[in-house]
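# Per-entry structural report
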Amino acid sequence: ADGIGRCLVQQWNTAGSGNLMKLQKFIPLTKMEEQSDGSIHVFGTVTAQAPDLDKEVCDYVGTKPLYEKRSAENLAKTSIPGMIPSVMPFREMHQLIVQGAGRSIVYDDAAKTIKMGFHVVDTESVKKWKAGCFVGFSQGGSYVKQWPDPDFPGCTRYIADPLEVSAVDSPCLPSALVESIKGRTVTFAKADGMTE
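One structure accompanies this document, and this report is about it. Chains are numbered independently. Their residues run from 1 in the order of the written sequence. It should be noted that, the model being predicted, local features are given only for residues of pLDDT at least 70 and side-chain atom pairs only at 80 or more, the latter also being counted only at that level, while totals for whole chains, interfaces and linings use all residues. Only hydrogens and water are removed before side-chain values are computed, so all heavy atoms of the structure are retained for them.

Looking only at helices and strands, the protein features 2 helices and 11 strands. Runs of E in the DSSP output that reach at least two residues are strands. Runs of H or I that reach at least four are helices, and both are numbered from the N terminus. In the protein, the succession of helices and strands from N to C terminus is β-β-β-β-β-β-α-β-β-β-α-β-β. Exposed residues in this analysis have more than 50% of their type's maximum accessible area, buried residues have under 20%, and partly exposed residues fall in between, with area computed by a 1.4 Å probe over protein chains only. Going through the 196 residues of the protein one by one, you find that 42% of them count as buried. By the convention used here, residues are in contact when the closest approach between their heavy atoms is within 4.5 Å. Of the contacts made within the protein by residues no fewer than 6 positions apart, 60% connect residues no fewer than 24 positions apart. Carbon and sulfur atoms make up 56% of the accessible area of the protein, which totals about 10,500 Å². Residue-level accessible areas treat just the shown protein chains as cover; the underlying method is Shrake-Rupley with a 1.4 Å probe.

Listed below in structure tokens is the structure:
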């Protein structure tokens, strides 16, 4: 599982004179690294041009420039003496709770994916990542455009305008695990007393 599987949470919010469609896509975590100061770095795909469980496909060509624009704006805001530059806000479950900051962004034109690395500095958030409470990412923003997907029949293609990325507890691929715990054996105790 390379982070392509996702589920959609759409929120319709009536604001002002029209409806604002918010985009939230859940993506599994790829890797987590502990740092000597107690913080952690987490890495993964934040979007990819592939069908998700809601039969939606993020258009890479249309979405990439909006990620580039947003990351440039964030770098400009945070590139001041004494501050580590950030490419994207990193929040908790799409709330106004800061976990850390986006530190890297990788555009893979061949695979049509956007991957990011985040530095989690909030102590309580680090505990939640280590405890397996957070297991993936969700890009938050809005739909710019939607149309029938030309490559995947029955799917809808969309362009996303990102505002932030959040840590989430519900990626759509239950089998997608953090790399550091892949391969471990886990015993499940069933209600009838049997183990698996």
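For the rest of this paragraph, the subject is helix H2 (residues 123-130). Regarding H2, the residues found buried are Ser125, Val126 and Trp129. Axial view of H2: buried residues confined to an arc of 105 degrees, hence all on one face. Gly132 sits one or two residues past H2 and shows a positive phi near 80 degrees. Taken from the helix axis, the directions to the C-beta atoms give the arc we talk about.

On to helix H1 (residues 60-78), then. Working rule for helices: expected span equals 1.5 Å times residues minus one. Between its terminal C-alpha atoms H1 stretches 26 Å, which fits the 27 Å expected from 19 residues at 1.5 Å a residue. Listed in full, the buried residues belonging to H1 are Tyr60, Gly62, Thr63, Lys64, Tyr67, Arg70, Ser71, Asn74 and Thr78. Pairs of N or O atoms within 3.5 Å make up the polar contacts considered here, provided that, within protein, one atom can donate a hydrogen while the other can accept it, and that residues adjacent in sequence are counted only when both atoms are side-chain atoms. Where H1 starts, the residue carrying a side-chain oxygen 2.8 Å from the main-chain nitrogen of Gly62 turns out to be Asp59.

This part takes up the side chain of Ser138. Within the secondary structure, Ser138 is located in strand S10 (residues 136-148). Given a relative accessible area of 0%, Ser138 falls into the buried group. Polar contacts involving the side chain of Ser138 include one to the side chain of His94, which spans 2.6 Å.

So, on to the side chain of Gln99. Summarising the element assignment, Gln99 is placed in strand S8 (residues 98-108). In this structure Gln99 comes out as buried when scored by relative accessible area, which is 0%. Leave out the neighbours within four places in its chain, and Gln99 touches Phe90, Arg91, Glu92, His119, Val120, Val121, Asp122, Ser125, Trp129, Phe134 and Ala167.

Here a salt bridge means any side-chain nitrogen of Lys or Arg lying within 4 Å of a carboxyl oxygen belonging to Asp or Glu. Following the criterion strictly, the structure yields 11 salt bridges and no others. The salt bridge involving Asp59 is made with Arg157; its shortest N-O contact spans 2.7 Å. Of this pair, Asp59 sits in the loop between strand S6 (56-58) and H1 while Arg157 sits in strand S11 (residues 156-168); the two residues are 98 residues apart in sequence, bridging distant segments of the chain. Note on accessibility: Asp59 and Arg157 belong to one class, buried. Here Arg157 makes a salt bridge to Asp151, at a shortest N to O gap of 3.0 Å. Judged by relative accessible area, Arg157 falls into the buried class, the value being 4%.

Counting 21 residues, the largest nonpolar core has Val42, Phe90, Met116, Phe118, Trp129, Phe137 and Val165 as the members making the most contacts within it. The element that contributes the greatest number of residues to this core is strand S9 (residues 113-120), accounting for 4 residues. Residues within four places of Val165 in sequence aside, it is in contact with Val46, Met88, Pro89, Phe90, Arg91, Met116, Phe118, Phe137, Ser138 and Gln139. Among the buried residues, those of types Ala, Val, Leu, Ile, Met, Phe, Trp, Tyr and Cys that are joined through side-chain atoms within 4.5 Å form a nonpolar core.

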